Number of protein chains: 2
Amino acid sequence: MLTLYHHPFSPSSRFVRLVLGEYGANFELKAVNPWERHREFLMLNPAGTVPVLIENDGPPICGPLPIMEYLDETRGYAMGDRRLMPDHPDRRAETRRLVDWALRKFDDEVVGHFVRERIYKQDMPRSVGGGEPDSAILRIARANIHHHMRYFGYLAASRKWLAGDRLSFADFALAAEFSCADYLGEVPWAEEENVKAWYARVKSRPSFRPLLAEKMLGMPPSLSYADLDF
Amino acid sequence: MLTLYHHPFSPSSRFVRLVLGEYGANFELKAVNPWERHREFLMLNPAGTVPVLIENDGPPICGPLPIMEYLDETRGYAMGDRRLMPDHPDRRAETRRLVDWALRKFDDEVVGHFVRERIYKQDMPRSVGGGEPDSAILRIARANIHHHMRYFGYLAASRKWLAGDRLSFADFALAAEFSCADYLGEVPWAEEENVKAWYARVKSRPSFRPLLAEKMLGMPPSLSYADLDF
């Protein structure tokens, strides 16, 4: 049995949910508000961050990259053609580079700001930084997203999937980030038709359905969010 | 033949140099100032960051984690007992968690600030953010380091090496970060004797020697930096 500690709008948590869905794994979700720093959760992950995965009575697997490698090591071979990690070390490095780009660089410069300012801060008490979104930070994130869109557009135009010929972890890492920004209507899809077409293909996979059904109280999703032909 | 694009005081680059040394690999170093964003280098790594590793005519392997996995995949088995990645997926996940803690969390909250403010900014033109260190940022980094020291002290007291019974990538990731902070005299070693003893053991390895010989023009290292019995 797998248990995933997550936050519904944490892009890294969504990445793991998508991958678990693709790998056909049954899992139980436990929602965590990372800013609350519950003692019980800090015992699992001293960094206090989600996602954390636990298999049976095993130790906590902390963070999206260790979880990705763990799932590939324990289940990858059994997936055959549908394995999300390529076989050759060079191609694996390219997949990991793009996972890192999505979950770290794109998140640090764009999506993390949107999620924190527009979602997390609504639920956070003022004492730990909650409150109204900081419009200066949102302006920076909205400026940064154009550079990323251009790079993703280049990749989407020159490859079938993000990291090459085959669907890989990189597609789900980037799609997880996009899904959070798209919920908030913050993705300028019209700028890059190839990115939009790539995202529509990833979004139409069954593993995506639970995410598209996710709603945040008091903040309905953008019109394009759950629309597979947006 | 391996070529490593690096910066001498980039902790992630130092991590790769240490690992290459441990794995007995011959490599050529090419120094890069990441803030210069040379076109030629951006063609290798569109993120513009170091380290980047190239093997023969292969594609660039970008970033410390993809490089770590690549070296383990291409050379790990041949290392036998001296392999820096454990065999069991649970232990591998713990190693990766701590590599991530060192190169991301500790770097983001502490060492990256020291390096940027006190080293990079000396060489950066003012037009891209160079100049005097920002004392407010240094104050934050100096406050943050105590929390990290306590956690590393807990690990060093309860384990032989950082991630368990055996020397692993995690030891070199953290030691690489410490080496940059220690050059600047920014590590409060007296607070955690166990961390100091652990670092002395890692630092005395032959793979560390090239780093300890590295000097920055106009900024001599702290007295403890190259002293193996500091």
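Residues numbered from 1 in each chain as written. Chains lettered and ligands numbered in written order. Predicted model: local features only at pLDDT ≥ 70, side-chain atom pairs only at ≥ 80, totals over all residues. Heavy atoms only, no water.

Named according to an unreviewed UniProt entry, chain A is Glutathione S-transferase family protein originating from Pannonibacter tanglangensis. UniProt, in the comment section headed Subunit (unreviewed entry), describes chain A in these words: "Homodimer." (UniProt positions renumbered as here; feature names shortened; annotations may be inferred.)

Asks: Sorry, what's going on with the sheet that holds strand β4 (residues 61-62) of chain A here?
Replies: Across a sheet, strands are paired by hydrogen bonds formed along the backbone, either parallel or antiparallel in direction. All names here are of chain A. With mixed pairing, four strands are arranged side by side in an open sheet as β2-β1-β3-β4. Looking at which strands have only one partner, the edges of the open sheet turn out to be β2 (27-31) and β4. Relative to strand β3 (residues 52-55), strand β1 (residues 2-6) runs antiparallel, the two sharing four bridges. Directly across from leucine 4, in β3, lies its bridge partner leucine 53. The strands touched by helix α3 (residues 64-75) are β1, β3 and β4; relative to β3, the strand with the most contacts, the crossing angle is about 30°. (Pairing = 2+ DSSP bridges. Helix = DSSP H or I, 4+ residues; strand = E, 2+ residues; numbered from the N terminus. Contact = heavy atoms within 4.5 Å. Axes fitted to C-alpha atoms, helices over the stretch in contact; angles between N-to-C directions.)

Asks: So what exactly am I meant to see when it comes to the interface of chain A and chain B here?
Replies: Note on interface size: it is often stated as the accessible area lost on association of the parts. Contact with chain A, which involves 23 residues of that partner, is made by 23 residues of chain B. By the criterion of area lost to chain B, the three top residues of chain A are Glu73, Arg96 and Arg104 of chain A, representing 23% of everything that side buries. Joining chain A to chain B, the criterion identifies six salt bridges. Glutamate 73 of chain A serves as the salt-bridge partner of arginine 92 of chain B, at 2.7 Å between the closest nitrogen and oxygen. Counting across the interface, chain A meets chain B through six residue pairs in polar contact (both at pLDDT 80 or more). Broken down by secondary-structure element, the contributors of at least two residues to the side of chain A that touches chain B are β4, α3 and α4 (89-123) of chain A. A total of 11 residues in the side of chain A that touches chain B trace back to one element, the largest contributor, which is α4 of chain A. Along the lines of polarity and charge, the residues of the side of chain A that touches chain B split into 13 nonpolar, one polar and nine charged. (Buried area = accessible area lost by both parts, 1.4 Å probe. Salt bridge = Lys/Arg side-chain N within 4 Å of Asp/Glu carboxyl O. Polar contact = N/O pair within 3.5 Å; in protein donor to acceptor, adjacent residues only side chain to side chain. Nonpolar A, V, L, I, M, F, W, Y, C, P; charged D, E, K, R; others polar.)

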